[in-house]
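# Structural features, examined
The primary structure of each chain is shown beneath.
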Amino acid sequence: MKAMVYDEYGSPDVLRLEEVDTPTPADNEILIKVHAVSVNRSDWEGLIGKPLYARLGGLRKPGNPILGSDIAGRVERTGKNHSQFQPGAEVFGEMADYHNGFAEYVRARGTILALKPSSMTFEEAAAIPQAGVIALQGIRDKGQIQQGQKVLINGAGGGAGSFAVQLAKLYGAEVTGVDNAEKLDFMHSLGADHVIDYTREDFTKNGKQYDFILDLIAYRSAFAYARALKPDGSYYAVGGSVATFLQFFLFGPWIKRNSGRKVRLLAVQRNRKDLEDITELCVARKVIPYIDKRYPLREVPEALRYLGEGHAKGKVVITVE
Ligand SMILES: NC(=O)c1ccc[n+]([C@@H]2O[C@H](COP(=O)([O-])OP(=O)(O)OC[C@H]3O[C@@H](n4cnc5c(N)ncnc54)[C@H](OP(=O)(O)O)[C@@H]3O)[C@@H](O)[C@H]2O)c1
């Protein structure tokens, strides 16, 4: 099969489209013919090897040569002990180890995959898993947003952010979206009431405070984030630098004791139920998986460059011929 492979951390230039062995599913696994796979920042991080957590699989060179985690496709074959999905079933979801999706076939146990709704294209389905579940666990579960609350989403114009803005609006929040200047109109179109260009304004220094902040890209100090919260407000970071995450562990409990504000890391728990919940909202068109651009498999490097260089609004999807 064809797959986009790499064997060193670096720019998209290190990626090559190659013929590799088609995976063989174990007895409890399925083989899926991939029709679409979306691009996440986690792929970009896995490509360049930054932040440090992106090197968990291999410190000096990538532990797995194929990136791509959110796939949608058709079950080609099942292992002899697999009973959940039948050949021909249209499935989608996130790969358990965030890898192997930029290819014509993947093998998976299927425990965190779901059946693709028939009303949805493979591209739409592939756009949902990682970004949609991050947003759901952030806004619905951690935020428990009430009507009229003030919510800020940092990185609101990207994949997870575009789902998070729509969810927060659905729950009745007054939403501020933060991203680069190119994405201000896009954030408004998602429903954001206020938008901030992060290159011109620091939301932790403008004196405004929020009930809840979901941060897709945390690089500031824990104290800066606490300053942007109302008393009793909560801040959850999903992505960002390891140095910032360490501060949450070191200072988070102290900040909570002294000010009532929660400053924490959200470790996303991938599971089928949440994938189905966010997908149900998409099927009902209460939340839209916004796809900015589509690329063929051979153009994964261009797709990653587009995201990594800061242009992607919502999701970028690879269509696998
Ligand atoms: N905690 C967990 O368990 C878990 C699980 C999976 C993934 N993750 C992480 O979750 C994050 C999800 O991100 P995503 O896929 O939604 O990424 P994305 O699509 O790239 O969106 C991130 C957005 O943030 C913007 N941004 C960059 N720097 C910013 C800044 N200083 N201030 C405000 N916005 C900024 C980006 O714009 P530019 O174009 O300007 O860069 C982009 O629009 C990733 O970091 C991933 O590693 C965490």
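Before any of the text, the structure's been laid out above.
Counting starts from 1 at the beginning of each chain's written sequence and moves along it residue by residue. Only residues with pLDDT of at least 70 get local features here, since the model is predicted, and only at 80 or more are side-chain atom pairs given and counted; chain-wide, interface and lining totals rely on the full set of residues. Heavy atoms throughout the structure, all of them, feed into the side-chain values; hydrogens and water do not.

So, on to the pattern of salt bridges. The salt bridge criterion pairs a side-chain nitrogen of Lys or Arg with a carboxyl oxygen of Asp or Glu, the two atoms within 4 Å. As enumerated under the stated definition, the model contains 20 salt bridges in all. What emerges from the salt-bridge pattern is a single network uniting Arg 140, Asp 141, Lys 273, Asp 274 and Asp 277.

On to the site of the ligand. Around the ligand lies a shell of 25 residues, among which Arg 41, Glu 45, Asp 179, Tyr 198 and Gly 310 are the nearest. Under the rule applied, a polar contact is a pair of N or O atoms within 3.5 Å (in protein, one hydrogen donor and one hydrogen acceptor; residues adjacent in sequence only if both atoms are side-chain atoms). For the ligand, an oxygen atom lies 3.4 Å from a polar atom in the backbone of Gly 158. Shrake-Rupley sampling with a 1.4 Å probe provides the accessible areas, and residues are treated as covered by the protein chains on show and by no other component. In the complex, 89% of the free accessible area of the ligand, which totals 930 Å², lies under the protein chains. At the level of secondary structure, the elements contributing two or more residues to the shell around the ligand comprise α1 (41-48), α3 (129-143), α4 (159-170) and β9 (174-179). Each residue gets one label: Ala, Val, Leu, Ile, Met, Phe, Trp, Tyr, Cys and Pro are nonpolar, Asp, Glu, Lys and Arg are charged, and the others, such as Gly, are polar. Classifying every residue of the shell around the ligand gives 12 nonpolar, 9 polar and 4 charged. If a single non-hydrogen atom of a residue is within 4 Å of a molecule or strand, that residue counts as near it. Secondary structure elements are taken from DSSP: a helix is a run of H or I of four residues or more, a strand is a run of E of two residues or more, and numbering for both begins at the N terminus.

With that settled, the discussion passes to the environment of Lys 61. When you line up the elements, Lys 61 lands in the loop between α1 and β4 (70-78). A 1.4 Å probe rolled over the protein chains alone gives each residue an accessible area, and that area as a share of the maximum for its type sets the label: buried under 20%, exposed over 50%, partly exposed in between. Residue class for Lys 61 comes out exposed when judged on its relative accessible area of 55%. Taking the C-alpha atoms as reference points, Lys 61 and Glu 8, separated by 53 residues in sequence, lie 5.1 Å from one another. Among all residues touching Lys 61, those that are not within four sequence positions of it are Asp 7 and Tyr 9. Any two residues whose heavy atoms approach within 4.5 Å are treated as being in contact.

Moving on, we come to the sheet that holds strand β10 (residues 194-197). Between any two strands, at least two bridges found by DSSP are needed for them to pair. In spatial order, the strands read β10-β9-β8-β11-β12-β13; together these 6 strands make up an open sheet with parallel pairing. Edge positions in the sheet fall to β10 and β13 (262-265), since each has one partner strand and no second. Averaged over neighbouring strand pairs, the angle between their axes works out to 15° when direction is ignored. Where β9 meets β10, 4 bridges bridge the pair, whose relative direction is parallel. What sits directly across from Gly 177, in β10, is Val 195. Across the face of the sheet, α4 comes into contact with β8 (150-154), β9 and β11 (210-215) while running at roughly 175° to β8. Axes, fitted as lines to C-alpha atoms, cover a helix only where it is in contact. Angles between the N-to-C directions of the axes lie from 0 to 180 degrees. Lying over the sheet, helix α7 (residues 242-259) contacts β12 (229-237) and β13, oriented at roughly 155° with respect to β13.

Our focus in this paragraph is empty space enclosed by the protein. Lining residues are defined by having an atom within 4 Å of a point belonging to a cavity or pocket. Those points lie on a 1 Å grid over the protein atoms alone, cavities being sets where a 1.4 Å probe fits but cannot get out and pockets being open sets with protein on both sides within 12 Å along at least five of seven lines. Grid points are joined across faces, edges and corners, and a volume is the space filled by probe spheres set on the points. Across all of its chains, the model carries 1 cavity of 30 Å³ or more by this definition. The space that makes up the largest cavity amounts to roughly 60 Å³. Looking at the largest cavity, the residues that line it are Glu 94, Ile 112, Pro 129, Val 133, Arg 270, Asn 271 and Leu 275.

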